[in-house]
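# Topology and contacts: notes
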Amino acid sequence: MAGTTVNVSIRMDAGLKMEAEELFSELGLSFGAAVQVFVRQALRRGGLPFKVTLGKSRNGDLQATKNRQTAQEAAGREAGQSSQGTRLTEEETQKEYANLEEFFAKLDAG
């Protein structure tokens, strides 16, 4: 995936960015590298690399929310099992890498 790079500009709360930079620094990542990891994982998974939920539905029907989440998880598992190409398995996404270069090499290798 080597090629031309572009600048990306986003608006974010200053405190949120500072907290994120501190966390990413502890992980050995710059803010930009962390954003790249996020985007690469989203592309590999075909969606966000984590669940996005309200915790409960707006009308308070927690069971309906759980049912939707279960259906989404099942659909995600089916998509992962039937996908051909470069998507990583769940085991691969939980693998620890020695450094960022090793991680990106694995992503690029597909």
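For the structure itself, look to the data block above.
First, a word on what this report is: a plain description of the structure on this page.

What counts, and at which threshold
Residues numbered from 1 in each chain as written. Predicted model: local features only at pLDDT ≥ 70, side-chain atom pairs only at ≥ 80, totals over all residues. Heavy atoms only, no water. Phe/Tyr/Trp six-rings, centres within 6.5 Å; stacked < 30°, edge-to-face > 60°. Buried < 20%, exposed > 50% of the residue type's maximum accessible area, 1.4 Å probe, protein only. Helix = DSSP H or I, 4+ residues; strand = E, 2+ residues; numbered from the N terminus. Lys NZ or Arg CZ within 6 Å of the ring centre and 35° of its normal. Expected span 1.5 Å × (residues − 1). Polar contact = N/O pair within 3.5 Å; in protein donor to acceptor, adjacent residues only side chain to side chain. Salt bridge = Lys/Arg side-chain N within 4 Å of Asp/Glu carboxyl O. Axes fitted to C-alpha atoms, helices over the stretch in contact; angles between N-to-C directions. Parallel < 35°, antiparallel > 145°, perpendicular 65-115°, else oblique. Left-handed = near helix turned anticlockwise from the far one by under 90°. Contact = heavy atoms within 4.5 Å. Nonpolar A, V, L, I, M, F, W, Y, C, P; charged D, E, K, R; others polar.

For the coordinates displayed, the defined rule picks out two aromatic pairs. Between Phe 24 and Phe 31 the ring centres are 6.0 Å apart and the planes differ by 55 degrees, which places this aromatic pair in the tilted class. The buried category is assigned to Phe 24, whose relative accessible area is 19%. With a centroid separation of 6.1 Å and 35 degrees between ring planes, the pair formed by Phe 38 and Phe 50 is classed as tilted. With Phe 38 in helix H2 (residues 31-45) and Phe 50 in the loop between H2 and helix H3 (62-82), the pair connects residues that are 12 residues apart, well separated along the chain. When its relative accessible area of 34% is taken as the criterion, Phe 38 is described as partly exposed. The side chain of Lys 17 reaches across the aromatic face of Phe 31, ending 5.4 Å from its centre.

So, about helix H1 (residues 14-26). In an α-helix, one turn spans 3.6 residues; hence positions three or four apart end up facing the same way. Taking 1.5 Å as the rise per residue, H1 with 13 residues should run 18 Å; its terminal C-alpha atoms sit 19 Å apart, in good agreement. Where H1 begins, one side-chain oxygen reaches toward the backbone nitrogen of Gly 15, 3.0 Å away; that side chain belongs to Asp 13.

When their charged atoms lie close together, side chains carrying opposite charge are able to pair. Scanning all chains against the criterion turns up one salt bridge. Among the salt bridges present, the one from Glu 21 reaches Lys 17, with a minimum N-O distance of 2.7 Å. Of this pair, Glu 21 and Lys 17 both sit in helix H1, separated by four residues, roughly a single helical turn.

The subject of this paragraph is the packing of H2 against helix H5 (residues 100-109). Where H2 meets H5, the axes come as close as 11 Å, and the angle between the chain directions of the two elements is 25 degrees. On the basis of the axis angle, H2 is roughly parallel to H5. When you trace H2 past H5, the crossing you get is left-handed. Residues Ala 33, Gln 36, Val 37, Arg 40, Gln 41 and Arg 44 of H2 lie in contact with H5, whose contacting residues are Leu 100, Phe 103, Phe 104, Lys 106, Leu 107 and Asp 108. Considered class by class, the residues forming the contact of H2 with H5 number six nonpolar, two polar and four charged.

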